[in-house]
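# Fold and contact review
So you can see what is in the structure, the chains are spelled out below.
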Amino acid sequence: MANASTAGTTAPLLFQPFTIRGVTLPNRLVLAPMVHYRAKDGMCGTFHIAHLGKFALGGFGLVFTEATAVEERGLITEMDLGLYNDAQVESYRPLIALMKEEGAVPAVQLAHGGRKSSMQSAMEGNGPLSDADVARGRKRW
Ligand SMILES: Cc1cc2nc3c(=O)[nH]c(=O)nc-3n(C[C@H](O)[C@H](O)[C@H](O)COP(=O)(O)O)c2cc1C
């Protein structure tokens, strides 16, 4: 069977470039958007650089950030990434630079929580915030 190391044969489709409109991905490995509840004030921080950056280092062609809120009240939890102020825009630059250096295409899943905004994280139960959650400091909006 043909594989990437077989001289004179074509690489498996997974490892071939793929063009969507004007953007060419180096391969078809895609990291799906996955929320991690590690953002503060919606900012992209060291966790995101380490976590998402490692997929770029591993050769993924397209790396999505988690669902990223387009306005503050659209955050699903207060630990989600946001993209609604200038400080947040700046916070993504080191991660984007790393991805580009490694040849990955950075992608963002723009999101608005709608009626799901202001809820518990998956680890807390994924339900509405309880009075106990608020009593221990979680914001409800
Ligand atoms: C920890 C975790 C967080 C996730 N967060 C998001 C998210 O932010 N946005 C989203 O659309 N899907 C989210 N999902 C769903 C994944 O993007 C993906 O669709 C799901 O894991 C199924 O992937 P598959 O179709 O490759 O099996 C999440 C999944 C997991 C496991």
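Cut-offs and rules
Residues numbered from 1 in each chain as written. Predicted model: local features only at pLDDT ≥ 70, side-chain atom pairs only at ≥ 80, totals over all residues. Heavy atoms only, no water. Near = heavy atom within 4 Å. Polar contact = N/O pair within 3.5 Å; in protein donor to acceptor, adjacent residues only side chain to side chain. Areas by Shrake-Rupley, 256 points an atom, 1.4 Å probe, with all protein chains shown as cover. Nonpolar A, V, L, I, M, F, W, Y, C, P; charged D, E, K, R; others polar. Buried < 20%, exposed > 50% of the residue type's maximum accessible area, 1.4 Å probe, protein only. Helix = DSSP H or I, 4+ residues; strand = E, 2+ residues; numbered from the N terminus. Arc of directions from axis to C-beta. Contact = heavy atoms within 4.5 Å. Core = buried A, V, L, I, M, F, W, Y, C linked by side-chain atoms within 4.5 Å. 1 Å grid on protein atoms, 1.4 Å probe; cavity = no way out; pocket = protein on both sides within 12 Å on 5 of 7 lines; lining within 4 Å. Points joined across faces, edges and corners; volume = space filled by probe spheres on them.

## Notes on the site of the ligand
Near the ligand you find A32, P33, M34, V35, A67 and Q109, and these make up its full shell. Here an oxygen atom of the ligand sits 2.7 Å away from a polar atom, N or O, in the main chain of P33. Interatomic distance of 2.8 Å between a backbone N/O atom of V35 and a nitrogen atom of the ligand. Its free accessible area being 610 Å², the ligand has 36% of it covered by the protein chains. Residue classes in the shell around the ligand are distributed as 5 nonpolar, 1 polar and no charged.

## Observations regarding helix 3 (residues 93–101)
Buried within helix 3 are the following residues: L95, L98 and M99. The arc that holds the buried residues of helix 3, viewed along the axis, is 100°, so those residues lie on one side. Looking at helix 3, the residues exposed on the side facing more than 90 degrees away from the buried face are K100 and E101. Structurally, helix 3 contributes buried residues whose contacts are with helix 1 (46–57), strand 4 (62–69) and strand 5 (105–111). Directly after helix 3, the chain includes G103, whose backbone phi takes a positive value near 90°.

## Side note on the nonpolar core
Residues L31, A39, C44, L52, F55, A56, V63, L81, Y92, L95, M99 and A104 constitute the largest nonpolar core, which totals 12 residues. With 3 residues, the single largest contributor to this core is helix 1. Every residue in contact with A39, bar those within four places of it in the chain, is listed here: H48, E78, M79, D80 and L81.

## Digging into empty space enclosed by the protein
Counted according to the given criterion, the structure contains 2 cavities of 30 Å³ or more. Approximately 50 Å³ is the volume found for the largest cavity. In terms of lining residues, the largest cavity is bounded by L31, A32, P33, M34, H36, H48, H51, L52, F64, T65 and E66. Elements supplying a minimum of two residues to the lining of the largest cavity: helix 1 and strand 4. Here the lining of the largest cavity is composed, by residue class, of 6 nonpolar, 4 polar and 1 charged. Here the second largest cavity defines a volume of roughly 30 Å³. Every residue along the wall of the second largest cavity is listed here: A67, T68, A69, G74, I76, D80, A111, H112 and G113.

Read these as layout, nothing more, since geometry by itself doesn't imply function.
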